[in-house]
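Now for the letters of each chain:
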Amino acid sequence: MKIIAARVIICSPGRNFVTLKIETDQGLYGIGDATLNGRELAVVSMLNDHMLPCLLGRDASQIEDIWQYFYRGVYWRRGPVNMTALAAVDMALWDIKAKAAGMPLYQLLGGRSRDKVLVYGHANGNDIDQTVEAVAKYRELGYQPIRAQSGVPGLASTYGVSKDTLFYEPADADLPTENLWSSSKYLNHTPKLFAELRRQFGDELHLLHDVHHRLTPIEAARLGKALEPYKLFWLEDAVPAELQQGFRLIRQHTTTPLAVGEVFSSIHDCQQLISEQLIDYIRTTLVHGGGITHLRRIAALAELYHVKTGFHGATDLSPVTMGAALHFDTWVPNFGIQEYMRHTDATDAIFPHDYHFNQGFLHCGESPGHGVDIDEKLAAKYPYQRAYLPVNRLEDGTLFNW
Ligand SMILES: O=C(O)[C@@H](O)[C@@H](O)[C@H](O)[C@H](O)CO
Ligand SMILES: [Mg+2]
């Protein structure tokens, strides 16, 4: 089955998405997500200028060989731009293979391991009371585990607090917005938020929290310890994770479960975190981690060390990633949880899909492939719009982690 065409489709129904469509001489086509938030056009160029010319004419069924061709063959291995472009090719090829087999993708991966995929939603507010209200609202919507973020007194804006309660979109401006940060204010405030959430909602509700890479290891250890009475499902991205052994220090001090990995692009970014059992959940998802072919390896390594998956699922992961990830989640033996932030109606219309949400769970569909398509005519009505993620400064002006 020969690849006869491959093209990149860029659209912006409120936020940018980059999508790859690969066509074969058998009339089958596959769709892959290539969205890298705030750096979209770098991936477009990687695909158009460098990868697609080498893809045309290849046998679409040789997924592994094509993956190796672009991983080893490029010489410059890894990195988010490279691995996102490779992920798009990989996802589209798995879509084609599953369509050719007449099977939903999870069947091709090894079949169903579970009936439905547990997801968590995002509740956020400017202060503790608003976050409590938002958690109550998410419970009404049927979510079971809920991530809770709140504004920090004395800081005008911070990560995870949006204007809209259903659709959180951090890439909010034509040039990066600037936020302010104080670790000491945050560290004093956050345990109060979770104390109040437990007081209001009791012990059964699963609560998650994202630190967004803002602490040092010893500060993360302090936070993990302070949050132990509130029994979090996980504490996410407590520190920037380039220094994998830095997690030893956090781990040594706290039993709060740790999740990390949404910015990782390969197994080498998490090899030590996993094999030393320094984390509990690995968050790298298909689009930024080289696709299904590579995520299978990460998940298999993680399984050996009791680490579960907890795929990233913010709005910048397009419905294509969400659809493919749900097939992966339905199969993968060491599944933990899936993040789920709703896409807007405009996005859902451009990407028709057969997955659906029901009472706290997502269900992948049964149609052949990963079940997500793109309406190219509709996509063309929403041209690319430059948008950046924010940057973050300390109160004295020092540039910090966003
Ligand atoms: O856990 C998450 O969902 C976040 O950390 C994301 O919102 C992240 O900030 C964006 O995906 C960045 O593109
Ligand atoms: Mg996160």
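Here is what the cut-offs are and how they apply
- Residues numbered from 1 in each chain as written.
- Chains lettered and ligands numbered in written order.
- Predicted model: local features only at pLDDT ≥ 70, side-chain atom pairs only at ≥ 80, totals over all residues.
- Heavy atoms only, no water.
- UniProt positions renumbered as here; feature names shortened; annotations may be inferred.
- Bend = angle between axes of the 7 residues up to and from the residue.
- Helix = DSSP H or I, 4+ residues; strand = E, 2+ residues; numbered from the N terminus.
- Buried < 20%, exposed > 50% of the residue type's maximum accessible area, 1.4 Å probe, protein only.
- Contact = heavy atoms within 4.5 Å.
- Arc of directions from axis to C-beta.
- pLDDT = per-residue confidence, 0-100.
- Pairing = 2+ DSSP bridges.
- Axes fitted to C-alpha atoms, helices over the stretch in contact; angles between N-to-C directions.
- Parallel < 35°, antiparallel > 145°, perpendicular 65-115°, else oblique.
- Left-handed = near helix turned anticlockwise from the far one by under 90°.
- Nonpolar A, V, L, I, M, F, W, Y, C, P; charged D, E, K, R; others polar.
- Donors = N, O, S within 2.8 Å, 3.2 Å for Na, K, Ca; no water.
- Near = heavy atom within 4 Å.
- Polar contact = N/O pair within 3.5 Å; in protein donor to acceptor, adjacent residues only side chain to side chain.

- An unreviewed UniProt entry lists the protein chain under the name mannonate dehydratase, with Rheinheimera muenzenbergensis given as the organism.
- In the Pathway (unreviewed entry) part of its UniProt record, the protein chain is described as follows: "Carbohydrate metabolism; pentose and glucuronate interconversion."

### So, helix α1 (residues 40-55)
Turn by turn, an α-helix covers 3.6 residues, leaving residues three or four places apart pointing in a common direction.
Phase 1: A bend of about 35° at Leu47 is the largest found in α1.
Phase 2: If you check which residues of α1 are buried, you get Glu40, Val43, Val44, Met46, Leu47, Met51, Leu52 and Leu55.
Phase 3: Where α1 is buried, its residues touch β1 (3-11), β2 (17-24), α2 (63-71) and α3 (80-101).
Phase 4: Backbone geometry just after α1 places Gly57 at a positive phi near 90°.

### What to know about helix α8 (residues 246-253)
Phase 1: The set of residues buried in α8 consists of Gly246, Phe247 and Ile250. Considered in projection along α8, the buried side chains sweep an arc of 90° and stay on one side of the axis.
Phase 2: On the buried face of α8, the contacting elements are α7 (217-227), β9 (258-260) and α9 (271-275).

### Some remarks on the confidence of the model for the protein chain
Phase 1: With 99% of its residues at a pLDDT of 70 or more, the protein chain has an overall mean of 97.
Phase 2: Here the complex is predicted with pTM 0.97, and the ipTM for its interfaces comes to 0.99.

### Overview of the sheet that holds strand β6 (residues 178-181)
Phase 1: Overall, mixed pairing links the three strands, which are arranged β6-β15-β16 in an open sheet. Pairing within the sheet leaves two strands with one partner each, and these edge strands are β6 and β16 (399-400).

### Some remarks on the packing of helix α6 (residues 183-201) against α7
Phase 1: Put simply, α6 and α7 touch, their axes get as near as 9 Å, and they point 15° apart. With respect to α7, the axis of α6 lies roughly parallel. You can see that α6 and α7 cross each other, and the crossing is right-handed. Here α6 contributes Ser183, Tyr186, Leu187, Asn188, Thr190, Pro191 and Phe194 to the contact with α7, which in turn contributes Glu219, Arg222, Leu223, Ala226 and Leu227.
Phase 2: By residue class, the composition of the contact of α6 with α7 is seven nonpolar, three polar and two charged.

### Here we look at the coordination of the magnesium ion (ligand 2)
Phase 1: The magnesium ion (ligand 2) binds to the protein through Asp210 (OD), Glu236 (OE) and Glu262 (OE), with metal-donor distances spanning 2.0 to 2.2 Å.
Phase 2: Donor residues for the magnesium ion (ligand 2) sit on one chain with the sequence pattern D-x25-E-x25-E. With Glu236 in strand β8 (residues 234-236) and Glu262 in the loop between β9 and α9, this pair connects stretches of sequence that are 26 residues apart.

### What about the site of ligand 1?
Phase 1: Taken together, 15 residues sit near ligand 1, with Asn37, Tyr159, Glu262, Asp316 and Glu339 positioned nearest.
Phase 2: Contacts to ligand 1 include Glu262, whose side-chain N or O atom sits 2.6 Å from an oxygen atom.
Phase 3: Taking Glu339, its side chain carries an N or O atom lying 2.4 Å from an oxygen atom of ligand 1.
Phase 4: In terms of residue class, the shell around ligand 1 is built from four nonpolar, four polar and seven charged.

### Topic: the side chain of Glu262
Phase 1: Note on Glu262: relative accessible area 11%, which makes it buried.
Phase 2: Polar contacts involving the side chain of Glu262 include one to the side chain of Arg283, which spans 2.9 Å.
Phase 3: Not counting chain neighbours up to four residues away, the residues in contact with Glu262 comprise Asp210, His212, Glu236, Asp237, Arg283, Thr284, His288 and His312.

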